[in-house]
Amino acid sequence: MNLPVYPDLQIASVFIPAFEVGGDYYDFFEISETRLGFVIADVSGKGISAAFIMAEVKGIFESLAKTIERPKDILIKANEILRHTLDSKSFVSAAYGYIDLIDEKLFLARAGHCPLFLLRENETKQIKPSGLGLGLSDNQYFNQTLEEFSITLKENDTIVLYTDGITDAKNEYFEDFGDKHFLEILLANSHLSAKELSNKIIHEVSVFSSNHSQYDDITLVIFKCQQKPKTDGVKEWQNSIHQ
Amino acid sequence: MAEFNTSISEKGDVNVINLKGYLDAHTAPALENNFTQLIENNKFKIVVNFQNLAYISSAGLGVFMAYIENIRENKGDIKLTNMSDKVFNIFDLLGFPLLYEIYKSEEEAINKFGAI
């Protein structure tokens, strides 16, 4: 996937499909020059049926992201559509959000998906606003329980989105990679760039599960707010040009 | 292939499905058969005991959604009990505690039906 390019924002993403077709999906939506939308989702089950649903989910988010702004409203609409089209055994976990680079804010709503991690100043914060998986419930109940989260971003903040293919990766003893291990790696490597951190995580998961076949798709999306040049520095630089 | 099996025990007018092993897309039909069988026999008060369940995949979670509407329309319910922290976290992430009653013990779940 060609990653979008935005000023002061590093973006990295990885998708590693499992042997059996899974239902992971992620995408970016270049809403404007200063606003970037994103989605990460995981369809229940595996195989061809999960792949078909994933294709439908992709179409739904592509069209909704063009017309609706708020993450909460997008997930409500997606639930409304999927509630009618999915069979009663299927559902989709998803998180949709956007980063506004002018207001320096992140907005996010979560429909049953893995939490988002925010790395800031050597601390890791798990962000898990309330929300049911898509297709699990009628709209009235889905809407009542869906929260929207927003946060003002700071320089060097790192945002990590993932699917459970990472935390559920198994070693030869059938042990999980796990949330705790994942958090430790994030904390120890929060100084890295988005791309370096993504490489580090995938490396650690590969080493951990080297003696066990990959059972589930792995998806990882990382944003990092770059350090901006100091205002004084810009002025000095401009002055030097004019001299 | 990972093993999975179920057993059903009757406690008054409540039926308890005990799960054991690995519940995923390959093993889910066994649990689906249990629900179908109970519904055909008009047994709509169901407790599912997770005590011996080692793993549940998203396809396994889907089984619970497939029958709940029918069961509730017939004034019954599926109540869930004895989940390990790991299994509870999977249900919790998807928001299942907003849709299902989840109890620590089987007895508590049965009592909620007012059966004993």
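Notes on the structure follow. (Residues numbered from 1 in each chain as written. Chains lettered and ligands numbered in written order. Predicted model: local features only at pLDDT ≥ 70, side-chain atom pairs only at ≥ 80, totals over all residues. Heavy atoms only, no water.)

### Describing the side chain of Asp157(A)
Residue and element names in this part refer to chain A.
- By the secondary structure assignment, Asp 157 is in the loop between β8 (148-152) and β9 (158-162).
- Given the relative accessible area of 1%, Asp 157 is considered buried.
- Separated by 2.6 Å, the side chains of Asp 157 and Arg 120 make a polar contact.
- If sequence neighbours within four positions are ignored, Asp 157 has contacts with Leu 118, Leu 119, Arg 120, Thr 152, Phe 223, Lys 224 and Cys 225. (Helix = DSSP H or I, 4+ residues; strand = E, 2+ residues; numbered from the N terminus. Buried < 20%, exposed > 50% of the residue type's maximum accessible area, 1.4 Å probe, protein only. Polar contact = N/O pair within 3.5 Å; in protein donor to acceptor, adjacent residues only side chain to side chain. Contact = heavy atoms within 4.5 Å.)

### Some thoughts on the packing of aromatic side chains
- Evaluation of the coordinates by the stated rule reveals 19 aromatic pairs over all chains.
- Aromatic ring contacts, followed pair by pair, group Phe35(B), Phe50(B), Phe64(B), Tyr67(B), Phe91(B), Phe96(B) and Tyr100(B) into a single cluster.
- Taking NZ or CZ as reference, Lys170(A) lies 5.5 Å from the ring centre of Phe174(A), over its face.
- Between the NZ or CZ atom of Lys79(B) and the centre of the ring of Phe113(B), over which it lies, the distance is 4.5 Å. (Phe/Tyr/Trp six-rings, centres within 6.5 Å; stacked < 30°, edge-to-face > 60°. Lys NZ or Arg CZ within 6 Å of the ring centre and 35° of its normal.)

### Notes on the environment of Leu9(A)
Residue and element names in this part refer to chain A.
- Within the secondary structure layout, Leu 9 lies in strand β1 (residues 9-16).
- Classification of Leu 9 by relative accessible area gives buried; the value is 6%.
- In sequence terms Leu 9 and Ala 95 are 86 residues apart; their C-alpha atoms lie 20 Å from each other.
- Other than its neighbours up to four places away in sequence, Leu 9 contacts Leu 36, Ile 99, Leu 101, Phe 223, Lys 224, Cys 225 and Gln 226.

### What to know about the pattern of salt bridges
- Scanning the entire structure with this criterion turns up 20 salt bridges over all chains.
- Glu148(A) is the partner of Arg70(A) in a salt bridge, and the nearest nitrogen-oxygen pair spans 3.4 Å. One end of the pair, Arg70(A), is in the loop between α1 (47-67) and α2 (71-85); the other, Glu148(A), is in strand β8, with 78 residues separating them in the sequence.
- Residue Glu148(A) is classed as partly exposed on the basis of its relative accessible area, which comes to 27%.
- For Lys77(A), the salt bridge goes to Glu80(A), with nearest N and O atoms at 3.4 Å. Remark: Glu80(A) and Lys77(A) occur in helix α2; sequence separation between them is three residues, near one turn of the helix.
- By relative accessible area, which is 33% here, Lys77(A) ends up partly exposed.
- In the salt-bridge network here, residues are joined through shared partners; they are Arg72(B), Asp77(B), Lys79(B) and Glu101(B). (Salt bridge = Lys/Arg side-chain N within 4 Å of Asp/Glu carboxyl O.)

### Overview of the sheet that holds strand β1 (residues 4-11) of chain B
All names here are of chain B.
- Judged by pairing direction, the sheet is mixed, and its five strands sit side by side in the order β1-β2-β3-β4-β5 without closing on themselves. Each of the sheet's edge strands pairs with one partner strand only, and the pair in question is β1 and β5 (102-103).
- Pairing analysis gives eight bridges linking strand β2 (residues 14-23) to strand β3 (residues 45-56), with the strands arranged parallel. Along β3, the bridge assignment pairs Val 16 with Val 47.
- Against the sheet, helix α1 (residues 28-40) contacts β1, β2, β3 and β4 (77-81), and its axis sits at roughly 170° relative to β2.
- Across the sheet, helix α3 (residues 85-93) is in contact with β3, β4 and β5; its angle to β3 comes to roughly 115°. (Pairing = 2+ DSSP bridges. Axes fitted to C-alpha atoms, helices over the stretch in contact; angles between N-to-C directions.)

### Observations regarding the nonpolar core
- One finds Phe61(A), Leu19(B), Phe35(B), Val48(B), Phe50(B), Phe64(B) and Phe91(B) to be the most contacted residues of the largest nonpolar core, which totals 60 residues.
- In contact with Phe50(B), other than residues within four places in its own chain, are Leu19(B), Ile56(B), Phe64(B), Leu80(B), Thr81(B), Asn82(B), Met83(B), Val87(B) and Phe91(B). (Core = buried A, V, L, I, M, F, W, Y, C linked by side-chain atoms within 4.5 Å.)

### Let's talk about helix α2 (residues 58-73) of chain B
Residues and elements named next belong to chain B.
- Tyr 67 marks where α2 bends most, by close to 35°.
- Here α2 has its buried residues at Ala 59, Gly 60, Leu 61, Gly 62, Val 63, Phe 64, Met 65, Tyr 67, Ile 68 and Ile 71.
- If you follow the buried residues of α2, they end up packed against β2, α1, β3, β4 and α3. (Bend = angle between axes of the 7 residues up to and from the residue.)

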